[in-house]
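Tertiary structure, described
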Amino acid sequence: MGTSVLSLRIDEELLERLRDHAAKRGMSVQDYVIRTLMRDDFDERFQSAVDETEKFYGVT
């Protein structure tokens, strides 16, 4: 299985929060973000976010 690179631009406040969460778990920010994305409930949370976004923008 290969890997790919994903580059994100995020504000400093969010990065600090990610650093704090990762540090509490003894992880790097990269590992913390990957672990978060891979959680079993990701698909459900993602779909809920999409539904809420569509409602907010009036997309059906």
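Above: the structure in question.
Here is a short report on the structure shown in this document. Just so we're clear, the structure is a prediction, and the values are computed from it rather than from any experiment.

At their nearest, the axes of helix α1 (residues 12-24) and helix α2 (residues 29-38) sit 9 Å apart, and the two run at 85 degrees to each other. Classified by the angle their axes make, α1 and α2 are roughly perpendicular. Touching Leu-15, Leu-18, Arg-19, His-21 and Ala-22 of α1 are Val-29, Tyr-32 and Val-33, all from α2. Across the contact of α1 with α2, the residue classes tally to six nonpolar, one polar and one charged.

Under the defined criterion, the tally for this structure stands at two salt bridges. As a salt-bridge pair, Glu-16 and Arg-19 come within 2.9 Å of each other at their nearest N and O atoms. Taken together, the positions of Glu-16 and Arg-19, both in helix α1 and three residues apart, correspond to about one turn of that helix. Overall, the relative accessible area of 38% leaves Glu-16 in the partly exposed class. Put simply, Glu-52 and Lys-55 hold a salt bridge, and the shortest N to O gap is 3.3 Å. Note that Glu-52 and Lys-55 are positioned in helix α3 (residues 42-57) at a spacing of three residues, about one turn of the helix. Of the residues examined, Glu-52 reaches a relative accessible area of 46% and is grouped as partly exposed. Residue classification places Lys-55 among the exposed residues on the basis of a relative accessible area of 60%.

The next point concerns α1. The terminal C-alpha atoms of α1 lie 18 Å apart, and with 13 residues this matches the ideal 18 Å at 1.5 Å per residue to within 8%. Positioned one or two residues after α1, Gly-26 has a phi angle of 65 degrees, which is positive.

This paragraph deals with a nonpolar patch on the surface. A cluster of nonpolar residues, Leu-6, Leu-8, Ile-10 and Leu-14, forms a patch on the protein surface that exposes about 390 Å² of accessible area. Among the structural elements, Ile-10 can be located in the segment before α1. Look at Ile-10 and you get partly exposed, because its relative accessible area is 38%.

Procedures and definitions
Residue positions are given per chain, counted from 1 along the sequence in the order it is written. The predicted nature of this model means local features are confined to residues of pLDDT at least 70 and side-chain atom pairs, given and counted, to a pLDDT of 80 or more, with totals for whole chains, interfaces and linings taken over all residues. Computation of side-chain values: all heavy atoms of the structure, hydrogens and water removed. Every axis in this analysis is a line fitted to C-alpha atoms, fitted for helices over the stretch in contact. Angles between the N-to-C directions lie between 0 and 180 degrees. Here a strand is any run of E in DSSP of at least two residues, a helix any run of H or I of at least four, and the numbering for each starts at the N terminus. If an angle is under 35 degrees, it is roughly parallel; if it is over 145, roughly antiparallel; if it lies from 65 to 115, roughly perpendicular; otherwise it is oblique. The criterion used for residue contact is that any of the two residues' heavy atoms lie within 4.5 Å. Ten residues, namely Ala, Val, Leu, Ile, Met, Phe, Trp, Tyr, Cys and Pro, are considered nonpolar, four, namely Asp, Glu, Lys and Arg, are considered charged, and the remaining ones, Gly among them, are considered polar. The term salt bridge refers to a side-chain nitrogen of Lys or Arg lying within 4 Å of a carboxyl oxygen of Asp or Glu. Buried, partly exposed and exposed residues are distinguished by accessible area as a fraction of the type maximum, computed with a 1.4 Å probe on protein chains only: under 20%, between the cut-offs, and over 50%, respectively. Expected helix span is computed as 1.5 Å times (number of residues minus one). Only residues whose relative accessible area exceeds 30% and that take part in no salt bridge are eligible for patches, with like-charged residues grouped when within 9 Å of each other and nonpolar side chains (Val, Leu, Ile, Met, Phe, Trp, Tyr) grouped when within 5 Å. Exposure was quantified through the Shrake-Rupley algorithm and a 1.4 Å probe, taking into account, for residues, occlusion by the shown protein chains and nothing else.

Function cannot be read off these values alone, since they describe shape.
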